[in-house]
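Tertiary structure, described
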Amino acid sequence: MPSAVKQLGAAIAAAGGAIPFNQFMQLALYGDAGFYTTTGQAGRRGGDFITSPEVGPLFGTVIAGYLDECWEKLGSPAKFDVVECGAGPGTLARSILAAKPRCLQAMNYVAVEISAAQRSLHPKGVESRETMPEHAINGVIFANELLDNLPFRLFVFDGAWLEAFVAQTPDGAFVEVLHKPAALPAVLPQNVALGSRVPIQDAAFAWVNNALSLIERGSLLLFDYCTDTTAEVTAMPWREWLRTYKDHERGGHYLLAPGSQDITAQVVLDQLPTGFVAMPQAKFLQQWGIDELVLEGNAYWENLSGAPDVAAIKMRSRATEAQSLLALDGLGRFTALEWSK
Ligand SMILES: C[S@@+](CC[C@H](N)C(=O)[O-])C[C@H]1O[C@@H](n2cnc3c(N)ncnc32)[C@H](O)[C@@H]1O
């Protein structure tokens, strides 16, 4: 199979010398030799970064409680749609199923994941798919750290806003070239510093819009690292909002070694469809019972600490998992976004 570098080179040549940054990101992450198509994934061992579901089963246990309440709000229907998008290797699905929510019998759990390698790791009991379902959803669509990974366009201020394209030099390196855009996204702020950079997240907007259009009754719940406004992102050093990861470390420049590192950005809230309620992940998890689950875990452990079994050890680890999930200098300051219908 041609490498990501070769495939990008071919796409650049076919486009007459340069492709927009979002096409570069699409091929670098999801092309035939892309990062997620080949080896990239969340996880502690063998993964490239840790996400809330990968901290341990507690995050999924909280989400299971959220699903129960949504199911009951809908009148406990015999069929309850649960769609997780960007499901990775299926860790969150595993934790939710293991938590045995009251809605389990009614639940039709669909795990949507673009990477076939990761779909092959999904647990029994879920319907594994490459693309979103197209039928009406009565239930919940949710995603953890999906939007930040959807390809975005990149704009650079050089006296005027210009769009970043990617070209290839004769020695094979990828370089940025700036083109005057056919139309300027209305969300771009004026009077910004020379050299300011900003993502234009059309794909994230379209994904949310599509998810909302599928939901007949229920909710859309997303967790991600977010910044409120495009103007705020413009004022940030770009390496803070546009990041790369590999093997649990920050990676190199986003044009280097395509296919071998993740490329991700802060999700910009004023570029998403409106109508959501936003709160810090820590507050959301507390609202949905994480503290009570930790207390339950401690009590279970104390009862069995003389002769602990595997369940008791898992229960005890809830306390340390909660510390990571709630940390205000870490996962706890991510944002939970909820749209309800
Ligand atoms: C940062 S990982 C998060 C994985 C998992 N949700 C977690 O929290 O551990 C993002 C995942 O979204 C998947 N993904 C990206 N775009 C997608 C799309 N359009 N449809 C389905 N999955 C997608 C990637 O392949 C990757 O597995």
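Our subject is the structure that appears above.
A quick note: this is a predicted structure, and the numbers were derived from the prediction, not measured. Throughout, a residue's number is its position along its own chain's written sequence, starting from 1. Given that the model is predicted, a residue must reach a pLDDT of at least 70 before its local features are reported, and side-chain atom pairs must reach 80 or more before they are shown or counted; all residues, however, enter totals for whole chains, interfaces and linings. Computation of side-chain values covers all heavy atoms of the structure but excludes hydrogens and water.

Glancing now at the overall build of the protein chain. Note on conventions: DSSP H or I runs of at least 4 residues are helices, E runs of at least 2 residues are strands, and numbering of each starts at the N terminus. Of the regular secondary structure elements, the protein chain holds 13 helices and 17 strands. The globule rule is 2.2 Å times the number of residues to the power 0.38, and the radius of gyration it is compared with is taken over C-alpha atoms. Over its C-alpha trace the protein chain gives a radius of gyration of 21 Å, about what one expects of a compact globule, namely 20 Å for 341 residues. With respect to the principal axes defined by its C-alpha atoms, the protein chain has extents near 65 × 40 × 35 Å. Classification of the 341 residues of the protein chain by burial places 53% in the buried group. When contacts within the protein chain are restricted to residue pairs at least 6 apart in sequence, those whose partners lie at least 24 apart make up 72%. Accessible area is worked out with a 1.4 Å probe on protein chains only. A residue is then buried under 20% of its type maximum, exposed over 50%, and partly exposed in between. In this description, contact between two residues means that some pair of their heavy atoms is separated by no more than 4.5 Å.

One heavy atom suffices: a residue is near a molecule or strand as soon as one of its heavy atoms comes within 4 Å of it. What surrounds the ligand is a group of 17 residues, the closest being T51, G86, E113, Q118 and N144. Within the side chain of N144, an N or O atom sits 2.8 Å from an oxygen atom of the ligand. Protein chains bury 93% of the 600 Å² of accessible surface belonging to the ligand in isolation. Here the term cavity refers to a set of points on a 1 Å grid, laid over the protein atoms alone, in which a 1.4 Å probe fits but cannot get out; the term pocket refers to an open set having protein on both sides within 12 Å along at least five of seven lines, with lining residues being those that place an atom within 4 Å of a point. To qualify as sitting in a cavity or pocket, a molecule needs more than half of its atoms within 2 Å of the grid points. Applying the majority rule of atoms within 2 Å of the grid points places the ligand in the largest pocket. Side-chain classes are defined by residue name, with Ala, Val, Leu, Ile, Met, Phe, Trp, Tyr, Cys and Pro counting as nonpolar, Asp, Glu, Lys and Arg as charged, and the others, Gly among them, as polar. Class assignment of the residues belonging to the shell around the ligand gives a composition of nine nonpolar, six polar and two charged. Identification of polar contacts relies on pairs of N or O atoms within 3.5 Å, with a donor-acceptor requirement for protein atoms, meaning one able to donate a hydrogen and the other able to accept it, and with residues adjacent in sequence counted only if both atoms are side-chain atoms. Shrake-Rupley sampling with a 1.4 Å probe provides the accessible areas, and residues are treated as covered by the protein chains on show and by no other component.

With that settled, the discussion passes to the layout of surface pockets. The calculated volume of the largest pocket comes to roughly 1,000 Å³. Lining the largest pocket are 49 residues, with N144, E145, L146, D148 and N149 positioned closest to its centre. Here the lining of the largest pocket is built from residues that sort into 23 nonpolar, 14 polar and 12 charged. Grid points are joined across faces, edges and corners, and a volume is the space filled by probe spheres set on the points. One number sums up the size of the second largest pocket: a volume of about 370 Å³. Along the wall of the second largest pocket there are 14 residues; nearest its centre are P57, T61, A98, A99 and K314. Those elements giving two or more residues to the lining of the second largest pocket turn out to be α5 (58-73), α6 (91-98) and α13 (310-326). Here the element with the most residues in the lining of the second largest pocket is α13; it accounts for five residues. The residue makeup of the lining of the second largest pocket, split by class, is seven nonpolar, three polar and four charged.

We now examine α13. In this analysis, the expected span of each helix is defined as 1.5 Å times one less than the number of residues it contains. In a regular helix each residue adds 1.5 Å, so 17 residues correspond to 24 Å; α13 covers 24 Å between its end C-alpha atoms and thus fits that length. Those residues of α13 that sit buried are A312, M315, R318, E321, A322, L325 and L326. In this structure, the buried residues of α13 make contact with α4 (52-55), α5, α11 (281-287) and α12 (290-304).

Moving on to the pairing of strand β9 (residues 197-200). Alternating residues of β9 divide into R197 and P199 and V198 and I200, and every residue in both groups is buried. Where strand β6 (residues 153-157) meets β9, four bridges bridge the pair, whose relative direction is antiparallel. Among the inter-strand pairings, V156 is bridged to a residue of β9, identified as R197. Strand pairing is defined by DSSP finding a minimum of two bridges between the two strands.

To continue, consider the sheet that holds strand β3 (residues 107-112). The pairing of strands in a sheet happens through backbone hydrogen bonds and is either parallel or antiparallel. Taken together, seven strands build an open sheet; the order of strands is β4-β3-β2-β5-β10-β17-β16 and the sheet is mixed. The open sheet has two edge strands with one neighbour each: β4 (127-129) and β16 (277-280). Taken pair by pair, the neighbouring strands of this sheet meet at an average axis angle of 20°, ignoring direction. Both strand β10 (residues 215-224) and strand β17 (residues 335-340) contribute to a ladder of six bridges, which runs antiparallel. Simply put, an axis is a line fit to the C-alpha atoms, just over the touching stretch for a helix, and the angle between two N-to-C directions goes from 0 to 180 degrees.

Turning to the environment of I96, a few remarks are in order. Position of I96 relative to the elements: it lies in helix α6. A residue is classified by how much of its surface remains accessible, and I96, at 0% relative accessible area, is buried. Between the alpha carbons of I96 and G9 there is a distance of 42 Å; along the sequence they are 87 residues apart. Every residue in contact with I96, bar those within four places of it in the chain, is listed here: G60, I63, A64, L67, P101, M107, Y109 and F142.

Next up on the list: the nonpolar core. Take the buried Ala, Val, Leu, Ile, Met, Phe, Trp, Tyr and Cys residues and link them wherever side-chain atoms come within 4.5 Å; each set so joined is a nonpolar core. Judged by nonpolar contacts, the single largest core of 42 residues is most densely connected at I63, L67, F80, I96, Y109, F142 and F284. For this core, the element with the highest residue contribution is α5, accounting for nine residues.

Further remarks concern the state of the cysteines. Cysteine sulfur atoms are paired as a disulfide whenever they fall within 2.5 Å. Summed over all chains, the structure comprises zero disulfides. With no disulfide partner, C85 has as its closest neighbouring cysteine sulfur the one in C226, 16 Å distant. Given a relative accessible area of 7%, C85 falls into the buried group.

Right, let's talk about the pattern of salt bridges for a bit. One speaks of a salt bridge when a side-chain nitrogen belonging to Lys or Arg is within 4 Å of a carboxyl oxygen belonging to Asp or Glu. Applying the stated criterion to the full structure yields nine salt bridges. Put simply, E163 and R153 hold a salt bridge, and the shortest N to O gap is 3.3 Å. Taken together, the residues E163 in strand β7 (residues 161-168) and R153 in strand β6 connect sequence positions 10 residues apart. For D202, the salt bridge identified is with R153, shortest N-O distance 2.9 Å. Taken together, the residues span a long stretch of sequence, with D202 in helix α8 (residues 202-214) and R153 in strand β6 at a distance of 49 residues. By relative accessible area, which is 36% here, D202 ends up partly exposed. A network of salt bridges, in which partner residues are shared, links D68, E72 and R102.

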